[in-house]
Structure formats: C-alpha cells, structure tokens
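# Observations on the three-dimensional arrangement
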Amino acid sequence: MSGDRTKSIESTSAGSVTVYRAGSGDPVVLLHGNGHSVHEFERSLPFLTPRFALIGWDMPGHGASNEADAALSIDERASVLGEILERQAIGPAVLVGNSIGAFVAAALAARAPERVKALLLVEMQVRPRAWWDAAWPLVDRMFGTPRQDFDTVQARLCSPLDADLLARWNSDRTRAGAGAMIAAMEAIRAHDVMATLAALTVPTHFLFGEKGPAAECAPAARDRVAHATSEIVPGAGHFVSIDQPAAFAAAVERAAQAQGDY
C-alpha cells in the first residue's frame, strides 16, 4: 500500500509477518495471491481508502514478511491470519482474498465465523485434487521460475502492462522464490476446499474475472455455498484488482453491506 499508511511487524507462529493499514471506516482485510504482496491491490486503494480501514499482509514467505515454513497448509495460514487480527484488535471484518488469499479467507471464516462480517472470494479455484494433479506440470512452469518476461505477464492481464507493474511483479516473485510459490500451490492442492465452502455460514460473495482461469469455477462455487452470490467482471483476468480496480472496489462495497443478489 502506498500513500498514508502504517506498517508493523507481527510475531506469529509462522515467523514475522508484515502488516499494513490505511484508510478509515469499517475494517476490510486484503489477502493477495501467490507470489505477490499487498501491492497487488495498489490500483484499487484510491477507491477503498475513503470508505474502509484497510488491513493487508504480506503472506508468510512473501513480500516483506520473513521466510516461512514451506509446508504451511491453508488452515495454518488461516491460523496466522487469525493471530494477527486478534493481536491488532480487529473486530468482525470483511475478508477479501484473491486466489490463495481466497482459500485463507474462507478457511478462517469456516473455523472462526465470529471474526468475519463477510467474505469476498476472488478468482477462487474451486477444483478437486484430481484436477490439480493433472494440471501440475503447468503449475510447475508458472511458479518454478520467479522472473517472468513482459509477454508472459501481459498474457495474465487484461489491462496494459507498464514498466512499474512489471518491476513490482518480478520483485515480489523473486522475494518469494520458487520454493515458497510451489509450496503455496501444494497447500491449495492438498486443501479440502469443498468441505471449507460447505462449512461457511457468513455472507459470501464470489468474484471472477471474465478472462481468468477460475471463471469456469463459478457454478461449483455457488453450488457449495447455497447462500452465496457471484459476479463475473468483464475485462478482467485473474487479477481483478489490477485489471478493473473500480469494479473490484464496488464488489468490496457490496460485500461490506452484506447485500443479497448482485
């Protein structure tokens, strides 16, 4: 997060985790995707900080946080998030997670619903273990080498890629390293996402990019959470907050209001 913000280092069961705060209002927790950092949400901040007290982390092993145990499961990552929210005295909050961040948010909400006002699960890959096993060669290629060239990154976005974003993208992936990124994917593959979603009782909203790899998961996601709503954002890929920051912020607003249908 840039601009007016505070930064703190929290000691957790997974080591030191860097936590950022910005804005004022109702609490919203931003959980980034694999290989990235809180900076993933940079483009959406002008839309969010006037309305919300934003709390973001660099997930263990990512960004400015310390190297973490490579074997951290989704549930263990969720426990670390719970430690941070408790230590910072953050009341029931809207949890907004992209990709692995969505898995972590859902896992915390399933085990500690009293901490969660609502969920916004962005580009959550609701898939069985067998699908991940078959796709693993692609996962290895995507995360086995930290640095990516311009064309590779642009292919993952619907919005134009500029030099600053490319530099941040590669800086974050390099800081995380191939080991941490593959471990994060292993955590997703091993997690029983169907059971987690079935256990959710808080207001839940799914958000997918029209061109993102998880858009085809929308029906399965809705089937697992009977009370959930979902939206597909035109002109967005896997990184909705980057491609369509205003639409992303509007979805956060709707989740915070815990409205019914989109």
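Just above sits the structure.
A brief report on the enclosed structure follows.

As a further point, take the overall build of the protein. A tally of helices and strands in the protein yields 10 helices and 8 strands. Computed over its C-alpha atoms, the radius of gyration of the protein comes to 17 Å, within 12% of the 18 Å expected for a compact globule of 262 residues. Once the C-alpha set of the protein is aligned to its principal axes, its extents read approximately 40 × 40 × 35 Å. Taken over 262 residues, the protein has a buried fraction of 55%. For the protein, long-range pairs separated by at least 24 residues make up 75% of all intrachain contacts whose partners lie at least 6 apart in sequence. Per element, the accessible surface of the protein, about 10300 Å² overall, is 51% carbon and sulfur. One finds the centroid of the 23 positive side-chain charges in the protein at a distance of 1 Å from the centroid of its 30 negative side-chain charges.

The final tally for this structure, using the stated rule, is 12 salt bridges. In this structure, D133 engages R129 in a salt bridge whose closest nitrogen and oxygen atoms are separated by 2.9 Å. With D133 and R129 both in helix α4 (residues 129-143) and 4 residues apart, this pair spans about one turn of that helix. By relative accessible area, R129 is classed as partly exposed at 44%.

In this section: unusual backbone geometry. Its identity as a non-glycine residue notwithstanding, A89 has a phi of 55°, on the positive side. Mapping A89 onto the fold places it in the loop between α2 (74-87) and β5 (93-98). Although it is not a glycine, E123 adopts a positive phi angle of roughly 50°. Among the secondary structure elements, E123 is positioned in the loop between β6 (116-122) and α4.

The rules behind the values
Residues numbered from 1 in each chain as written. Predicted model: local features only at pLDDT ≥ 70, side-chain atom pairs only at ≥ 80, totals over all residues. Heavy atoms only, no water. Helix = DSSP H or I, 4+ residues; strand = E, 2+ residues; numbered from the N terminus. Rg over C-alpha atoms; globule rule 2.2 N^0.38 Å. Buried < 20%, exposed > 50% of the residue type's maximum accessible area, 1.4 Å probe, protein only. Contact = heavy atoms within 4.5 Å. Areas by Shrake-Rupley, 256 points an atom, 1.4 Å probe, with all protein chains shown as cover. Lys, Arg positive; Asp, Glu negative; His and termini not counted. Charge placed at Lys NZ, Arg CZ, Asp CG, Glu CD. Salt bridge = Lys/Arg side-chain N within 4 Å of Asp/Glu carboxyl O.

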